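In case you want the letters, here they are:
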Amino acid sequence: TNVSQSDIVLNTPFAIIRTWNTNTFKKVNLVSKAQVDSLLMPIKQYKNNPPSKPNVVIFILESFAREYNGAFNKGAKIKGYQGYTPFVDSLAQHSLIFTNAYANGWKSIHGMSSVIAGIPSFQNAFTSSPYPKQKIESLVSTLESQGYDTSFFHGAPNGSMGFLGFGNILGYDHYYGKTEFNNDAEFDGVWGIWDEPFFQFFNNKLTQKKQPFMATLFSVSSHEPYKVPEKYEGKFPKGKVNINESIGYTDYSLKQFFASAKKQSWYKNTIFVLVADHGNTIAYDEYKKEFNKNTVPILFFSPDEKYVGVNNDWAQQIDIYPTLLDMIGYQKPFRSWGRSLINERQVAPFVIKYGSNMYQFMSGDYICTFDGKKAIGFYDKNDKAMEYNLISNRNAAMDLLELKCKAFVQDYMERVIDKRLTTVK
């Protein structure tokens, strides 16, 4: 893998023109270094589990928003609710799922950087900033240090969406795209290889690999124009909005993948992760509320059912990387702004994202809106529509939330700009 090839994708003329004079990455001095370390703990170290080397398989599912997944909406009380993911719902019964989880960006490439490297995107994307070409500690580098083979799969033409370029920066051993699939009869005519055959290709490639391996698959079929293969027309509910039918097709493709994977020798020793890259077309008013935008399902499944349950606390894409390292008993310190979702006691559950021209920091009983330097609003955690700003009645919990937001933004900007996206303190 050659990091220099990342230029081809990440620094196209389009990206350069689009980001001209829009570099919003600027250092801020809002809290002390000691406060950053105590509030944020950007260097994590877990010794909760004995070291092990299960395979790790991560599905980042295109536009597979929480809204569409029935198992993730059981407590939502949405009038007339309908889900489109019968297989994921059945898998969820045997998995650890997070029903209050968020994306840390709004585009597909942001999903990749958040899930694999624990790097969120705010006003401007990290991947289209001047800073992605640096050494980045991630699931790729940490697992490779433990002897894992690492690969990235995406059925679109190689290089599209920036995945190949960013994958080169992260250091994946292998990239499998439309070229490697090598059968255009399964091309959807617009976007890439249909999910069902590409997921079977994924299974076949994994079966050929030496264990342990970490593999990431980014799906394509639940992307506009939201088509399904001709042979499946009428099989999946059309639903309430344009994407619902193709969500049903991707869910069915996952069912076929797991049916095939179950027969392989590597299957039992594997942790599977399912997460969406971001949200998409919204059918229900509940998901049109500002603080419910860009919600995603997060699911961890292991065939031995070691991790099972429903967790309703705050969770986010950048938590997946530290959670997996905790699960496998990775003993060394590592750079992570997220937290382990299974054992963490040092950092309280939280979400940070950007929307409507402000940072949104969610933790405990409140949501703080933040302009980059100071809090501009506090809302009850259930006030997802931002109806009642409580800032005139600030309390100690709100003050702490503002401090945490300051610490996050300060450390994020410093580490990105100073090229310290590793365990360097």
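Scroll up to find the structure.
Computed from a prediction, not measured in an experiment: that's the story for all the values here. (Residues numbered from 1 in each chain as written. Predicted model: local features only at pLDDT ≥ 70, side-chain atom pairs only at ≥ 80, totals over all residues. Heavy atoms only, no water.)

Visitor: Help me understand the nonpolar core, please; the structure alone is not making it clear to me.
Guide: Nonpolar side chains tend toward joint burial in soluble globular proteins. By size, the foremost hydrophobic cluster in this structure holds 118 residues, and its most contacted members are Ile58, Phe59, Ile116, Phe126, Phe300, Leu324 and Tyr412. Top contributing element to this core by residue count: helix α12 (residues 396-417), with nine residues. Those residues within four positions of Leu324 in sequence are excluded, and the remaining contacts are Val56, Ile58, Leu139, Ile271, Val273 and Phe300. (Core = buried A, V, L, I, M, F, W, Y, C linked by side-chain atoms within 4.5 Å. Buried < 20%, exposed > 50% of the residue type's maximum accessible area, 1.4 Å probe, protein only. Helix = DSSP H or I, 4+ residues; strand = E, 2+ residues; numbered from the N terminus. Contact = heavy atoms within 4.5 Å.)

Visitor: Please clarify how the pairing of strand β2 (residues 55-61) should be interpreted in this entry.
Guide: Note on strand geometry: in a regular strand, side chains alternate between the two faces of the sheet. Burial within β2 is extensive, with seven of its seven residues counted as buried. By the alternation rule, side chains of β2 split into Asn55, Val57, Phe59 and Leu61 and Val56, Ile58 and Ile60, which are all buried. Bridge count between β2 and strand β7 (residues 270-276): seven bridges; the pairing is parallel. Considered in β7, the bridge of Asn55 is made with Thr270. (Pairing = 2+ DSSP bridges.)

Visitor: Explanation requested: the environment of Leu40 in the structure shown.
Guide: Assignment of secondary structure puts Leu40 in the loop between α3 (33-39) and β1 (43-44). Note: C-alpha distance between Leu40 and Phe408 (368 residues apart in sequence) is 6.6 Å. The residues contacting Leu40, other than those within four sequence positions of it, are Gln35, Trp337, Val347, Ala407, Phe408 and Asp411.

Visitor: What's the story with the sheet that holds strand β12 (residues 350-355) in this structure? I'm lost.
Guide: Strand-to-strand pairing in sheets goes through backbone hydrogen bonds, with the strands running parallel or antiparallel. In space, the four strands of this open sheet follow the order β12-β13-β14-β15, with antiparallel pairing throughout. With partners counted over all chains shown, the strands left at the sheet margins are β12 and β15 (375-380), one partner each. In this sheet, adjacent strand axes meet at a mean angle of 20° when their direction is disregarded. Across six bridges, β12 lies against strand β13 (residues 358-363) in antiparallel orientation. (Axes fitted to C-alpha atoms, helices over the stretch in contact; angles between N-to-C directions.)

Visitor: How do you make sense of the side chain of Asn49 when you look at a structure like this?
Guide: Tracing the backbone shows Asn49 in the loop between β1 and β2. According to the relative accessible area criterion, Asn49 is buried, its value standing at 17%. Engagement of the side chain of Asn49 in a polar contact is seen with the backbone oxygen of Asp326, the distance being 2.9 Å. When near neighbours in sequence (up to four residues on either side) are disregarded, Asn49 contacts Asp326, Met327, Gly329, Gln331, Ile342 and Asn343. (Polar contact = N/O pair within 3.5 Å; in protein donor to acceptor, adjacent residues only side chain to side chain.)

Visitor: I'm lost on the pattern of salt bridges in this one. Help?
Guide: For side chains bearing opposite charge, pairing can occur when the charged atoms are close. Per the stated rule, a full pass over the model turns up 14 salt bridges. Between Asp37 and Lys33 there is a salt bridge, with the nearest N and O atoms lying 2.9 Å from each other. Here Asp37 and its partner Lys33 are both found in helix α3, four residues apart, which amounts to about one turn of the helix. Here Asp37 falls in the partly exposed class, since its relative accessible area comes to 34%. The partner of Arg394 in a salt bridge is Asp399, and the shortest N-O contact between them spans 2.9 Å. Here Arg394 falls in the partly exposed class, since its relative accessible area comes to 34%. When its relative accessible area of 36% is taken as the criterion, Asp399 is described as partly exposed. (Salt bridge = Lys/Arg side-chain N within 4 Å of Asp/Glu carboxyl O.)

Visitor: Just to check I follow, could you spell out the environment of Gly165 for this structure?
Guide: With respect to the helices and strands, Gly165 occurs in helix α7 (residues 163-170). You can call Gly165 buried: its relative accessible area is 0%. Along the sequence, Gly165 and Lys133 sit 32 residues apart, while their C-alpha atoms lie 9.7 Å from each other.

Visitor: Please clarify how the pairing of β7 should be interpreted in this entry.
Guide: The element β7 is extensively covered by neighbouring structure, given that seven of its seven residues are classed as buried. Burial of β7 is two-sided: the residues Thr270, Phe272, Leu274 and Ala276 facing one way and the residues Ile271, Val273 and Val275 facing the other way are all buried. Inspection of the sheet shows β7 paired to strand β8 (residues 295-301) by four bridges, in the antiparallel sense. If you follow Phe272 over to β8, its bridge partner there is Phe301.

Visitor: When you look at the packing of aromatic side chains in this model, what are you seeing that I'm missing?
Guide: Each aromatic ring pair is characterised by the separation of its centres together with the angle its planes make. Under the defined criterion, the tally for this structure stands at 51 aromatic pairs. Ring plane angle 70° and centroid distance 6.5 Å describe the contact between Phe153 and Phe198, whose orientation is recorded as edge-to-face. Highlighted residues: Phe153 in strand β4 (residues 149-154) and Phe198 in helix α9 (residues 195-208), separated in sequence by 45 residues. Accessibility classification places Phe153 together with Phe198 in one group, the buried group. Judged by centre distance (5.9 Å) and plane angle (40°), the ring pair of Tyr232 and Tyr249 falls under tilted. Here the residue Tyr232 occupies a position in the loop between β6 (213-218) and α10 (244-261), and Tyr249 occupies one in helix α10, the gap between them amounting to 17 residues. (Phe/Tyr/Trp six-rings, centres within 6.5 Å; stacked < 30°, edge-to-face > 60°.)

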